[in-house]
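Observations on chain architecture
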Amino acid sequence: MAERGGRKFLDPKVVARLVQQPMGTRLPMIGSVAGLHRSPHRGSSVEFAEYRKYAPGDDIRRVDWRVYARTDRFYVKEFEADTNLRCYLVLDCSGSMAFRGEQGDSKLDYAKRLIATLAYLFIHQGDAAGLICLSDRMVWDIPPKRNPRHLQAVFDVLEEVEARGETALIRSLHDVAEKVRQRALVMVFSDFFCPVEPLLECFQHLRFQKHDVVAFHLMDRLELEFPFDRPMRFVDLESPETLLSEPAVIRDQYLKAVRAHLEALREGCHRFAIELQSVATHEDYERVLRAFMRGRALKIR
């Protein structure tokens, strides 16, 4: 394992600037201790939920006597319960994530920055964070925990993991959906170079388990704009295949296919209430996270 201490993918200054913004979820969560998030169960927070008819066995202290004075009937007041959440940070480590453009990080390194910062923020606010790394199989699986020392285990794996092998994202995400049965926040970091419809079935599977799902779609600017102007040899990072081609001949067809892929992914995520974050890896990751966190805060209000 790498030496513990400073991590190249975690900038303390960025964390210090983001730590004041709480991270929320769009859906009620089922946690293990009291926390910042809504629970589907009734509890004892200050947020009023509803009135319910008194039933034998209810605590008499919860009877609303003002309602009794008006209606001559017993009603008890119920309040929202607040709980912590468990966040599963799912990292695609297939070979295509090693792609690095002319500047900036590879897609894998960029995803590591996002994941490390989010893991720190979640555990800092009392939530549990875990890490799952996928390529052609589940490479690493660190269950969510809320102990600050748990961050060391997450960071050690991020130091170790490399992009290699073919993607088996679809099969692996179905496995994650079966494995994580209790409501959680599931955040997937990938370039999603796979057929869209089977991928959306994975997302639907996760939503069926009542998870709040966020998909960070990472693309390099070269992949989005295809600015090549001379004959190039394109190498498949997940197989031995190569292709020698004249970019001017295939550019229009390539860009049309990319736009169709992005549109299908966007429409499908909207259909299944998946929060899609489209990110180009030349963007400042702090700005990406800040916009994501503020957007979440606005949706929860």
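Let us look at the structure shown here. (Residues numbered from 1 in each chain as written. Predicted model: local features only at pLDDT ≥ 70, side-chain atom pairs only at ≥ 80, totals over all residues. Heavy atoms only, no water.)

1. Quick word on the environment of Gly-24
Looking at where Gly-24 falls in the secondary structure, it is placed in the loop between helix 1 (12-18) and strand 1 (37-53). By relative accessible area, Gly-24 is classed as buried at 11%. Taking C-alpha positions, Gly-24 is 6.5 Å from Ala-297, a pair spaced 273 residues apart along the chain. (Helix = DSSP H or I, 4+ residues; strand = E, 2+ residues; numbered from the N terminus. Buried < 20%, exposed > 50% of the residue type's maximum accessible area, 1.4 Å probe, protein only.)

2. With respect to the pairing of strand 4 (residues 128-134)
Counting buried positions along strand 4 yields 7 of 7 residues, so the element is predominantly enclosed. Here strand 4 shows no split at all, with Ala-128, Gly-130, Ile-132 and Leu-134 on one side and Ala-129, Leu-131 and Cys-133 on the other all buried. Crossover connection from strand 3 (residues 86-92) via helix 3 (residues 107-124) to parallel strand 4: handedness right-handed. Two strands pair when backbone bridges link them, and strand 4 and strand 5 (residues 138-145) are joined in this way by 5 bridges, in the antiparallel orientation. (Right-handed = clockwise from strand over helix to strand, strands pointing away. Pairing = 2+ DSSP bridges.)

3. Topic: the packing of helix 6 (residues 196-208) against helix 8 (residues 247-271)
Packing of helix 6 against helix 8 leaves a shortest axis separation of 10 Å and a crossing angle of 25°. The orientation of helix 6 relative to helix 8 falls into the category roughly parallel. As helix 6 packs across helix 8, the resulting crossing turns out to be right-handed. Facing helix 6, whose interface residues are Val-196, Glu-197, Leu-199, Leu-200 and Phe-203, helix 8 presents His-261, Ala-264, Leu-265, Gly-268, Cys-269 and Arg-271. Its residues assigned to classes, the contact of helix 6 with helix 8 comprises 7 nonpolar, 2 polar and 2 charged. (Axes fitted to C-alpha atoms, helices over the stretch in contact; angles between N-to-C directions. Parallel < 35°, antiparallel > 145°, perpendicular 65-115°, else oblique. Left-handed = near helix turned anticlockwise from the far one by under 90°. Contact = heavy atoms within 4.5 Å. Nonpolar A, V, L, I, M, F, W, Y, C, P; charged D, E, K, R; others polar.)

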